[in-house]
Amino acid sequence: MAVYALGDQEPDIAPDAWVHPDAVVIGSVTLGPGVSVWPTAVLRGDYGRIEVGAMSNIQDGSIIHCTDTEPTIFGERCIVGHNVHVEGATIGDGALISSGSIVLNGSVIGAGAVVAAGCLVPPRFELPSRRMAMGTPAKIREGYEVDPAMLEGNPEKYHHNAMRYRDELRRLDTP
């Protein structure tokens, strides 16, 4: 895995967190217990800090960044889909940021909420708990409440898969 200090800013990675060898973690990044970070994801804590809560997963190709005034904070059991960009936002426990979404500075995504695939969450947007945002720019889907069972089991599935990768992944194109 590519884990870098930047001056005196060093990542803090829980012993049972897993970072794929082709992912990059730089600077002030904290990965809690059971977190998994997948291929080509980049977590760059250079201007400020990034915190990823226990059992969350950052999937392939996602970019997580922060600013000097707005950290990026993920609660526990968050699901960050493929090719997501989150910058200077707060994501509540159990939230799903679906593939291809962008969540921008100062936004707050409530616990158990869902940002739909390809959604653009503009700066300072607030998505209440267990609600869904869709569209570009994001709008809250009226009359819809997220069923927590929809996301049940995903954090465990990703953690189990990360432990399998930790134990079984082997590169075949180099001696």
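Before reading further, recall that the structure is shown in the block above.
Quick look at the structure, then. (Residues numbered from 1 in each chain as written. Predicted model: local features only at pLDDT ≥ 70, side-chain atom pairs only at ≥ 80, totals over all residues. Heavy atoms only, no water.)

1. Some thoughts on the overall build of the protein
So, point 1. A tally of regular secondary structure across the protein gives 1 helix and 20 strands.
So, point 2. Its C-alpha atoms give the protein a radius of gyration of 16 Å, within 12% of the compact-globule value 16 Å for 175 residues.
So, point 3. With the C-alpha coordinates aligned to their principal axes, the bounding extent of the protein is approximately 55 × 35 × 25 Å.
So, point 4. Within the protein, counting contacts between residues at least 6 apart in sequence, those at least 24 apart form 11% of the total. (Helix = DSSP H or I, 4+ residues; strand = E, 2+ residues; numbered from the N terminus. Rg over C-alpha atoms; globule rule 2.2 N^0.38 Å. Contact = heavy atoms within 4.5 Å.)

2. Brief notes about the sheet that holds strand 5 (residues 36-37)
So, point 1. Pairing is mixed in the open sheet, where 8 strands are placed in the order 3-5-7-10-13-16-19-20. Pairing within the sheet leaves two strands with one partner each, and these edge strands are strand 3 (18-19) and strand 20 (139-140). (Pairing = 2+ DSSP bridges.)

3. Let's talk about the nonpolar core
A general trend in soluble globular proteins is that nonpolar side chains are found buried together.
So, point 1. Of all hydrophobic cores here, the largest spans 35 residues; its most connected members are Leu 31, Val 37, Leu 43, Ile 58, Phe 74, Ile 91 and Ile 109.
So, point 2. Counting residues per element, the ones that place at least two in this core are strand 4 (24-31) and strand 6 (42-52). (Core = buried A, V, L, I, M, F, W, Y, C linked by side-chain atoms within 4.5 Å. Buried < 20%, exposed > 50% of the residue type's maximum accessible area, 1.4 Å probe, protein only.)

4. Notes on the pattern of salt bridges
So, point 1. Under the defined criterion, the tally for this structure stands at 8 salt bridges.
So, point 2. Two residues, Glu 156 and Arg 77, come together in a salt bridge whose shortest N-O distance is 2.6 Å. Placement of the pair is Glu 156 in helix 1 (residues 154-168) and Arg 77 in the loop between strand 9 (72-74) and strand 10 (79-80), with a sequence separation of 79 residues. (Salt bridge = Lys/Arg side-chain N within 4 Å of Asp/Glu carboxyl O.)

Interpretation note: all reported values are geometric properties and have no functional meaning in isolation.
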